[in-house]
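Given next are the chains, with one letter for each unit.
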Amino acid sequence: MRLYTFPMSNNVMKVVAVMNHLGLSSDSHFIDLTKGAQLAADFVKKNPNHMVPTLEDGDFMLWESNAIMQYLCSKKPGSTLYPNDPKVQADINRWMFWQLAHLGAAVGTIQYERMVKGMVGGGPADDAVVQPALERYKRFAAVLDGHLTGREWIVGNEPTLADFAVGSCFIYAVAADLPLEPYAQVRRWY
């Protein structure tokens, strides 16, 4: 397997974390997003979205981090990260989809404005963009905080792909100045 990566990407980091947890390895191929490597014709053939992570397994090409994590679990049958029980899988999927659509979207906007934009010469953070994303973040962080009350993990009694997916939103919490203080259960879980 070959994994196309950019080390600062939350989505790459969650895939790498799952690979490590499962004891899987891959050849890592760095795609320098700061220099436009994701726009190179040979990479666009692999991922028409020109984004990372992208997994190449023989002649099978897979993009979208959460789909990659599910696929990786198929390489380790019996993994507790994505058990075969359809109801448990549906619950894990719910949180993975929620992470991408809600919490991750808000966090991504905040991270871009507060961290990435300045790194790539885009100027200072735009408060008019940050504030609505911050309100969405607070809304969804409160949902997660309430769900985690009395639970050690998001789904079931051990870590699952839901924990890896949702946890990726907090990798740069300090650097992006995400408020964590009001969310005691999120802080404990993370």
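Predicted, not measured: the structure shown is a model, and the values here were computed from it. The numbers attached to residues start from 1 for each chain and follow its sequence in the written order. This being a predicted model, a pLDDT of at least 70 is required before a residue's local features are given, and a value of 80 or more before pairs of side-chain atoms are given or counted; all residues contribute to the totals for chains, interfaces and linings. Hydrogen atoms and water are omitted, and side-chain values are computed over all heavy atoms in the structure.

Some details on the sheet that holds strand β2 (residues 27-30)
Next, step 1: Here, any two strands with at least 2 DSSP bridges between them count as paired. In DSSP terms, a helix is any run of H or I states spanning at least four residues, a strand is any run of E spanning at least two, and both are numbered starting from the N terminus. In space, the 4 strands of this open sheet follow the order β2-β1-β3-β4, with mixed pairing throughout. The open sheet has two edge strands with one neighbour each: β2 and β4 (60-63). Mean inter-strand twist for the sheet, computed between neighbouring axes without regard to direction, equals 20 degrees.
Next, step 2: Sheet topology places strand β3 (residues 54-57) next to β4; 4 bridges connect them, and they run antiparallel. Residue pairing for β4: Thr-54 is matched across the bridge by Trp-63.
Next, step 3: Every residue pair with non-hydrogen atoms within 4.5 Å of one another is taken to be in contact. Working convention: axes come from line fits to C-alpha atoms, limited for helices to the stretch in contact. Angles between N-to-C directions cover 0 to 180 degrees. Most of the contacts of helix α3 (residues 65-74) go to β4, to which it runs at about 130 degrees, and overall it touches β3 and β4.

Points about helix α4 (residues 86-119)
Next, step 1: Expected helix span is taken as 1.5 Å per residue step, with the number of steps being one fewer than the number of residues. In this model α4 runs just 43 Å from its N-terminal to its C-terminal C-alpha over 34 residues, more than 12% under the 50 Å that 1.5 Å per residue would give.
Next, step 2: For α4, the N-terminal cap is Asp-85; the gap from its side-chain oxygen to the backbone nitrogen of Lys-87 is 2.8 Å.
Next, step 3: Backbone geometry just downstream of α4 places Gly-121 in the positive-phi region, at approximately 80 degrees. Any N or O atom pair separated by 3.5 Å or less is treated as a polar contact, with the protein-specific requirement of one donor-capable and one acceptor-capable atom, and with residues adjacent in sequence counted only for side-chain atom pairs.

Things to note about a nonpolar patch on the surface
Next, step 1: Patch construction takes residues with relative accessible area above 30% that form no salt bridge. Like charges are linked within 9 Å, and nonpolar side chains (Val, Leu, Ile, Met, Phe, Trp, Tyr) are linked within 5 Å. Reported accessibility uses the Shrake-Rupley method at a 1.4 Å probe radius. Residues are deemed covered only where the shown protein chains occlude them. Just to be clear on terms, a salt bridge is a Lys or Arg side-chain nitrogen sitting within 4 Å of an Asp or Glu carboxyl oxygen. Judged by side-chain polarity, Met-8, Tyr-112, Met-119 and Val-120 come together as a nonpolar surface patch covering roughly 380 Å² of accessible area.
Next, step 2: Examined against the element boundaries, Val-120 turns out to sit in the loop between α4 and α5 (127-148).
Next, step 3: The rule is simple: take the accessible area with a 1.4 Å probe, protein chains only, and divide by the maximum for that residue type; under 20% is buried, over 50% is exposed, in between is partly exposed. The exposure class of Val-120 is partly exposed, given its relative accessible area of 47%.

Here we look at the environment of Pro-124
Next, step 1: Locating Pro-124 in the fold gives a position in the loop between α4 and α5.
Next, step 2: Note on Pro-124: relative accessible area 68%, which makes it exposed.
Next, step 3: Pro-124 sits 11 residues away from Glu-113 along the chain, and the two C-alpha atoms are 7.4 Å apart.
Next, step 4: Not counting the four nearest positions on each side in its chain, Pro-124 is found in contact with Glu-113 and Lys-117.

With respect to the pattern of salt bridges
Pairing of side chains with opposite charge becomes possible as their charged atoms draw close.
Next, step 1: Evaluation of the coordinates by the stated rule reveals 5 salt bridges.
Next, step 2: The residue Lys-46 makes a salt bridge to Glu-56 at a minimum N-O spacing of 3.8 Å. Separated by 10 residues along the polypeptide, Lys-46 in helix α2 (residues 41-46) and Glu-56 in strand β3 bring together distant segments of the chain.
Next, step 3: Judged by relative accessible area, which is 19%, Glu-56 ranks as buried.
Next, step 4: Among the salt bridges present, the one from Glu-135 reaches Lys-138, with a minimum N-O distance of 3.7 Å. Of this pair, Glu-135 and Lys-138 both sit in helix α5, separated by 3 residues, roughly a single helical turn.
Next, step 5: The class for Glu-135 is partly exposed, based on a relative accessible area of 46%.
Next, step 6: Given a relative accessible area of 32%, Lys-138 falls into the partly exposed group.

Observations regarding the pairing of β3
Next, step 1: Side-chain alternation along β3 places Thr-54 and Glu-56 on one buried face and Leu-55 and Asp-57 on a second face that is also buried.
Next, step 2: Two elements, strand β1 (residues 2-5) and β3, share 3 bridges in a ladder whose sense is antiparallel. Bridging across to β3, Leu-3 finds its partner in Leu-55.

As for the packing of aromatic side chains
Next, step 1: The rule is short: rings of Phe, Tyr and Trp, with Trp giving its six-membered ring, pair when the centres are within 6.5 Å, and they are stacked under 30 degrees, edge-to-face over 60, tilted in between. Taken as a whole and assessed by the stated rule, the structure comprises 9 aromatic pairs.
Next, step 2: Judged by centre distance (6.3 Å) and plane angle (80 degrees), the rings of Phe-170 and Trp-189 are edge-to-face. Linking Phe-170 in the loop between α6 (161-167) and α7 (184-189) with Trp-189 in helix α7, this pair joins segments that are 19 residues apart in sequence.
Next, step 3: Residue Phe-170 is classed as buried on the basis of its relative accessible area of 3%.
Next, step 4: Centroid distance Trp-189 to Tyr-190: 6.2 Å. Interplanar angle 55 degrees. Geometry classified as tilted.

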